[in-house]
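Below, each chain spelled out in residue letters.
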Amino acid sequence: MMQQASNAIEVPERLGVAEGAPAVLTAAELCDGYAARVYRFAAMVSRGSAEAEDLAQDALERAIRRIESFDARRGSVDAWLWRIVVNAAADAGRVRKRRWLLLAKLERTRDPGDEITPRIDGAIGDDDLLEAVRRLGQRDRALIALRFGGDLDYAAVGAALGMTGAAAGVALRRALARLRRDLESTGHGRKT
Amino acid sequence: MTSSLEERLFALELPLPKGLVLRAAAAATQPARRASGVAVVRPVAIGALSLGAFVGINAVAGHVWPAYGRLLADVPGARIVPGWLDPRTGLVPQTATPLNASATSAGHEVRLIGGSADGVRTLLFVEIDGKSYSDVNDPPRFSVGAATITDRNGNVYKQLPYGHNFIPAFEPLRGAAADGGPLTLHITELLPAEPGDPVRGDWTMRFTLVAEPLLDVRVPAAIVTSGTTYEVVSVRASREVLDLHWRATGEAVAQFTALIADPPAMTLDPTTETPGGAGGGPVLGRPITVTPEFQAYSDRIHAFMREHFEVSLVAPSGETLHPFSGGSGAPKDGAVEGDATLLLRGPGRYFVRFGTVAEMSIDIP
């Protein structure tokens, strides 16, 4: 049983509290309820597993630090949290730009013979699929990671990225199309 | 295929790595780190500590900014705005100039309250809707997004990568602009602190700053060690910041080139099983790990870079300083090149270190 956090914020019950938003958010509840989704997001948006762990840890650390800024009257935990997570990802992108360049170079020099053998009947293995996501551009990765890693709907994806839900939906469909083309080009998908 | 693709993406098994939550919680109990462009040091896992204990400690450790405010209250000349000292920008408050300009657009007021300029960078300090970032109890709802400075000769000074959202950093002023010539801050976007769309508008403010000149710092002589030549190609220094560009050639570069030439596949290992358990955090499904071969390869690269190419600075007091911006690239044309921007601790003899293998002195007047 998790110990109750001493820095929990008591939110007085009043009209206007977002539906589903807890009145009290503790760091323990934050981690219990969201850490797995934050990591799924990080694993998809990062170019590698080590970077994914770094990002997920940084995002959770930031959220814990800022837990007092969560105000249930102004929105859901999701809305508050994913803005922090996306900002952490953006910062990671800036800070490690040179490292990304190195990784990109490494990926370019990788022997094609090391690629994983396609599954029978063109089925996509988890590792193949994750690698394909990681080959996408940064924006496409962010869209896919928020939708399928963070399990957010279009409106929430849009809010996290600073766009409307409709625009997020369109952008996501395009990102999926690019992912599909990539999979097809590497023999992991079937054209329809 | 799209619908099945979406199903597969939803079904991707990406379990939370063991100990990650604990490491995040442990890090949150520490004072905020400065932004680091080179060495992002992660705390090691502390498996035996419970999350509840972390949360309790966090209540004490989470109030960093008031401590800075109190610190500044005791610093002569720092009354401009308590809380300006920011470990990410390394501002020495005595060098800040109070400014007073404001603009309102899209229903938000941006006020330019101070600035600091030298030959390395230009820092500006803003409040938005009357709120300062240093007030943790009532923080601003927005921060600066896109912004540029222009001078009357048409020069544009872009934002540098390491500025804080309320202390945006720009390229150093040039020519007449550095001598107090008229400048224009042009902000076109404010970013919300809470979920929502960026606010676009036109916040234009005019101001002047006199940039402190660069210090006269001599480029240190190249050194050769174990067949590797380390060379500081260029150096710029102000009273606060040292900015250097470096280059390495020779044996270490050849070894590094060979090291990265034949990477194993960066595939995931679907067979690894990691047991869950107390102190390890939740483990859902099968873990996601790279193959041992790739992990070892990655570790070798990072260890080699730390040993040969990671720049640090040793202050006259013996304190080791790490860059808050910079990095190095992959070998190109037989050389590894990099940049490093580091905070200074006043005049004196410093030592630039390359990993653990090379060191050269540099005198800051």
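The sections below set out a description of the structure shown in this document. (Residues numbered from 1 in each chain as written. Chains lettered and ligands numbered in written order. Predicted model: local features only at pLDDT ≥ 70, side-chain atom pairs only at ≥ 80, totals over all residues. Heavy atoms only, no water.)

A few points about the sheet that holds strand β18 (residues 358–364) of chain B
Residues and elements named next belong to chain B.
Then, in step 1: Pairing is antiparallel across the open sheet formed by 4 strands, whose spatial order is β14-β13-β17-β18. Edge positions in the sheet fall to β14 (320–321) and β18, since each has one partner strand and no second.
Then, in step 2: The pairing of strand β13 (residues 311–314) with β14 spans 2 bridges and is antiparallel. By the bridge assignment for β14, Val314 is matched with Thr320. (Pairing = 2+ DSSP bridges. Helix = DSSP H or I, 4+ residues; strand = E, 2+ residues; numbered from the N terminus.)

Overview of the packing of aromatic side chains
Then, in step 1: A full pass over the atoms with the stated rule returns 8 aromatic pairs over all chains.
Then, in step 2: Following the ring pairs from residue to residue traces out a cluster consisting of Tyr230(B), Trp246(B), Phe256(B), Phe304(B), Phe309(B) and Phe354(B).
Then, in step 3: A cation over an aromatic ring shows up here: Arg147(A) above the ring of Phe148(A), its NZ or CZ 5.8 Å from the ring centre. (Phe/Tyr/Trp six-rings, centres within 6.5 Å; stacked < 30°, edge-to-face > 60°. Lys NZ or Arg CZ within 6 Å of the ring centre and 35° of its normal.)

What about the pattern of salt bridges?
Pairing is possible between side chains of opposite charge, provided their charged atoms come close.
All names here are of chain B.
Then, in step 1: Counted under the stated rule, the structure contains 14 salt bridges over all chains.
Then, in step 2: One salt bridge in this structure joins Glu240 and Arg121, with 3.1 Å as the shortest N-O distance. Taken as a pair, Glu240 in the loop between β11 (228–237) and β12 (241–250) and Arg121 in the loop between β2 (108–117) and β3 (122–128) lie far apart in primary sequence, 119 residues in all. Here Glu240 matches Arg121 in class, with each residue buried. (Salt bridge = Lys/Arg side-chain N within 4 Å of Asp/Glu carboxyl O. Buried < 20%, exposed > 50% of the residue type's maximum accessible area, 1.4 Å probe, protein only.)

Comments concerning helix α5 (residues 251–260) of chain B
Then, in step 1: Residues of α5(B) that are buried: Ala252(B), Val253(B), Phe256(B) and Ile260(B). Burial along α5(B) is one-sided: seen end-on, the buried residues are contained in an arc of 100 degrees. (Arc of directions from axis to C-beta.)

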